[in-house]
Amino acid sequence: VGAAGAAVLAMGYGLAAYGFYDRFKSKGDSGEPGDSEAIVNWSGTHGCTPVKLHEPETVEEVETLVRKCHEQGRRLRPVGNALSPNGIALSDDEMISLSMMDKVVGVNRWKRQVTVQPGCSVGRLCAELRKHGLVLQNLASIAEQQVGGFLQIGAHGTGAAIPPVESQIVEMKVMTPGEGLVTVTRESDPEAFRMLQCGLGMFGVVCEVTIQCVPAHKLLEKTFTLTKEEVEARHADLIRNHKHIRYHWIPYTDAVVVTTCDDLTAWNKLGFGVKAAKSKYTEEERLGPLRALALEGGARKAEDLAGLSFADLRTMLLESSPLDVNHVRRVNEAEAEFWRRSEGHRVGYSDEILQFDCGGQQWVLEMAAPAGTLAKPSYADVDYVKELLEEIELREIPAPGPIEQRWTASSESVLSPAASEDPSEVFSWIGIIMYLPLADVGMRAKVTEAFRGYAATMRSVLEGLDAQEHWAKIEIPREGEAADEMVARVARRYPVEKVKQAKRRFD
């Protein structure tokens, strides 16, 4: 945890919702508030004290700022809502936030396209689109990102036939130091378009984007648990037959929570197969395993747990002893039982169904690996997770649930972790997690150290699969050799010379 992040936590800052980075006056050597404004990402894992945070309200103001910075050799870094776990947008140089440029410029219902400024949140954009009978093709678990960051960072949802979100872009307007305001489309400048789609903010400042949408629609979501053996037996059919699908593998158990989401069929629309069956379990019974664990030892009373959700209870349990392997194993077993008792289905609009609670502040690492095609899945991704689970048990890593696995089609974007010239190729996105206690700075540091070991294990197991970290979750190792290997892996995965050429042109 960086100094700024630790300072925030020590001061008692806890963010209550996604979509807001914390800003506060930094302290000088005397401990008194200084003149600089510090920024910390949502998880409190990275912070910075920029020379200045610019918040322009118009394209003209962006143009003036970019031009002056270019002429004077000043570094400028775009930032969205600072949700990225690795703080990729944070910089101690100058930063530019587009939060004041948040307008939905226009909606073309006939083309099913929307033009929007980068500071608009994904959630607010979805609400506006709903008025016009439209929706984004896919979401990335949450909707609190700014559109600019959502499209520039390689965000993705799930669905083996659906590419990452940058593929929804039709047109981009980017303010660049080298060429001023450039407008790029697939047709006008295909090479530049593919480079800027997932540009990471390193070629210029996105000022406006036109996105291809789809008709607003409802999804039927089903949640059920399988064993590892059952997942392996049914995997090919599961990823082929479902529009959206994710697996949540729970370490130290044989449970895999499977969630599928599909368009309503004509049969469903007539009311068949969508009525919620009466659950075998009450809410009290579903939460029972977690509550029983929380009440052990007598430190808590039943009334202390009133109103706490599954996520609340899991956070409470893990915070009490996050690095005790036996304790984490018991929490995972309780979580697995909760999901067994929670099997069922629900119906809702896609922009509601595709969002889910990712938990509290956390360290995460997610990597994308080729997984064959829908016609011929390689099964390397499933085998990998099974091997990772074996390593977790062998090394006694205090790994909480879940290990999340999702799939996308390949991306045309040069810098996407799912980049491929083969449009039929499928990529599996695999993520690990450790939750961070909010108030205990010392324990946060210990969890951070433990997560570094966990992440190293994940990378070692993935070796040979041509896997690459998600840009928002890549962490530079502290050790020189490991850092060198990461740089080499990135260089093997991406066309570095083409990136340099684009930098020379635009930056």
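The structure contained in this document is the topic of the report that follows. (Residues numbered from 1 in each chain as written. Predicted model: local features only at pLDDT ≥ 70, side-chain atom pairs only at ≥ 80, totals over all residues. Heavy atoms only, no water.)

**Some remarks on the overall build of the chain**
Under the convention used in this document: Think of it this way: any DSSP run of H or I at least four residues long counts as a helix, any run of E at least two long counts as a strand, and we number them from the N terminus. The reference for a compact globule is 2.2 Å times residues^0.38; the radius of gyration itself is calculated from the C-alpha atoms. We call a residue buried when its accessible area falls under 20% of the maximum for its residue type, exposed when it is over 50%, and partly exposed in between, using a 1.4 Å probe and counting protein chains only. Contacts between residues were defined by any pair of non-hydrogen atoms, one from each residue, lying within 4.5 Å. Only four residue types enter the charge count, namely Lys and Arg as positive and Asp and Glu as negative; His and the chain termini do not. Charge coordinates come from a single atom per side chain, which is NZ of Lys, CZ of Arg, CG of Asp or CD of Glu.
Summing up its helical and strand segments, the chain has 15 helices and 21 strands in all. Radius of gyration (C-alpha) of the chain: 23 Å, near the 23 Å computed for a compact globule of 507 residues. Its C-alpha atoms give the chain principal-axis dimensions of roughly 65 × 65 × 45 Å. When burial is assessed residue by residue, the chain has 53% of its 507 residues classed as buried. Residue pairs in contact within the chain that sit at least 24 positions apart in sequence constitute 69% of those at least 6 positions apart. Within the chain, one finds 58 positive and 73 negative side-chain charges whose respective centroids are separated by 4 Å.

**Quick look at a negative patch on the surface**
Let me state the cut-off plainly: The residues that make up patches have over 30% relative accessible area and no salt bridge, and they are joined within 9 Å when like-charged or within 5 Å when they are Val, Leu, Ile, Met, Phe, Trp or Tyr. With residues, only the protein chains shown are counted as cover, and all accessible areas are computed by Shrake-Rupley using a 1.4 Å probe. Salt bridge, as applied in this entry: a Lys or Arg side-chain nitrogen positioned within 4 Å of an Asp or Glu carboxyl oxygen.
On the surface, a cluster of negative charge is contributed by Glu57, Glu60, Glu61 and Glu63. By the element assignment, glutamate 61 lies in helix H2 (residues 59-72). The exposure class assigned to glutamate 61 is partly exposed, which follows from its relative accessible area of 39%.

**Concerning the layout of surface pockets**
What counts here: The method works on a 1 Å grid over the protein atoms by themselves. A cavity is a set of points holding a 1.4 Å probe that cannot get out, a pocket is an open set with protein on both sides within 12 Å along at least five of seven lines, and residues with an atom within 4 Å of a point line them. Grid points are joined across faces, edges and corners, and a volume is the space filled by probe spheres set on the points. Charged means Asp, Glu, Lys or Arg here, nonpolar means Ala, Val, Leu, Ile, Met, Phe, Trp, Tyr, Cys or Pro, and polar covers whatever is left, Gly included.
Put simply, the second largest pocket is a space of about 1300 Å³. In this structure, the second largest pocket is lined by 50 residues; those nearest its centre are Ile474, Glu475, Pro477, Met486 and Arg489. Contributing elements (two or more residues each) for the lining of the second largest pocket: strand S18 (362-373), helix H13 (441-462), helix H14 (480-493) and helix H15 (496-506). Here the element with the most residues in the lining of the second largest pocket is H13; it accounts for 10 residues. Here the residues of the lining of the second largest pocket sort into 26 nonpolar, 9 polar and 15 charged.

**Description of the sheet that holds strand S8 (residues 113-116)**
What counts here: A pair of strands is considered paired only if DSSP assigns at least 2 bridges between the two. Every angle, taken between N-to-C directions, lies between 0 and 180 degrees, and every axis is a line fitted to C-alpha atoms, over only the stretch in contact when it is a helix.
Overall, antiparallel pairing links the 5 strands, which are arranged S7-S8-S12-S10-S11 in an open sheet. Two strands in the sheet have a free side with no partner beyond their single neighbour: strand S7 (104-108) and strand S11 (180-185). Averaged over all pairs of adjacent strands, the angle between their axes in this sheet comes to 10°, without regard to strand direction. Where H2 meets the sheet, its contacts fall on strand S10 (169-176), S11 and strand S12 (205-212), and the angle it forms with S10 comes to roughly 50°. Against the sheet, helix H3 (residues 122-130) contacts S7, S8 and S12, and its axis sits at roughly 135° relative to S8.

**What about the packing of aromatic side chains?**
Selection criterion: In summary, the pairing rule links any two rings of Phe, Tyr or Trp, Trp by its six-membered ring, whose centres are within 6.5 Å, and it sorts them by plane angle into stacked for under 30 degrees, edge-to-face for over 60 and tilted for everything else. To sit over a ring, a charge needs its Lys NZ or Arg CZ within 6 Å of the ring centre and within 35 degrees of the ring normal.
In this structure the tally under the stated criterion is 8 aromatic pairs. On the numbers, 5.0 Å between centres and 75° between planes, the contact of phenylalanine 338 with tryptophan 339 is edge-to-face. Its relative accessible area of 22% is what places tryptophan 339 among the partly exposed residues. Grouped by ring-pair contacts, the aromatic residues Tyr247, Trp249 and Trp407 constitute a single cluster. Positioned above the aromatic ring of tyrosine 349, the side-chain terminus of arginine 130 is 4.0 Å from the ring centre.

**Comments concerning empty space enclosed by the protein**
Rolling a probe over the atoms, with the probe sized like a water molecule, indicates the empty space that remains. The tally for this structure, following the rule as stated, stands at 4 cavities of 30 Å³ or more. In this structure, the largest cavity occupies an estimated 80 Å³ of space. Contributing to the lining of the largest cavity are 13 residues, with Thr158, Arg246, Leu354, Phe356 and Arg406 lying nearest its centre. Contributing elements (two or more residues each) for the lining of the largest cavity: strand S15 (244-249) and strand S16 (255-263). Top element by residues in the lining of the largest cavity is S15. It accounts for 3 residues. Partitioned by chemical class, the residues of the lining of the largest cavity number 5 nonpolar, 6 polar and 2 charged.

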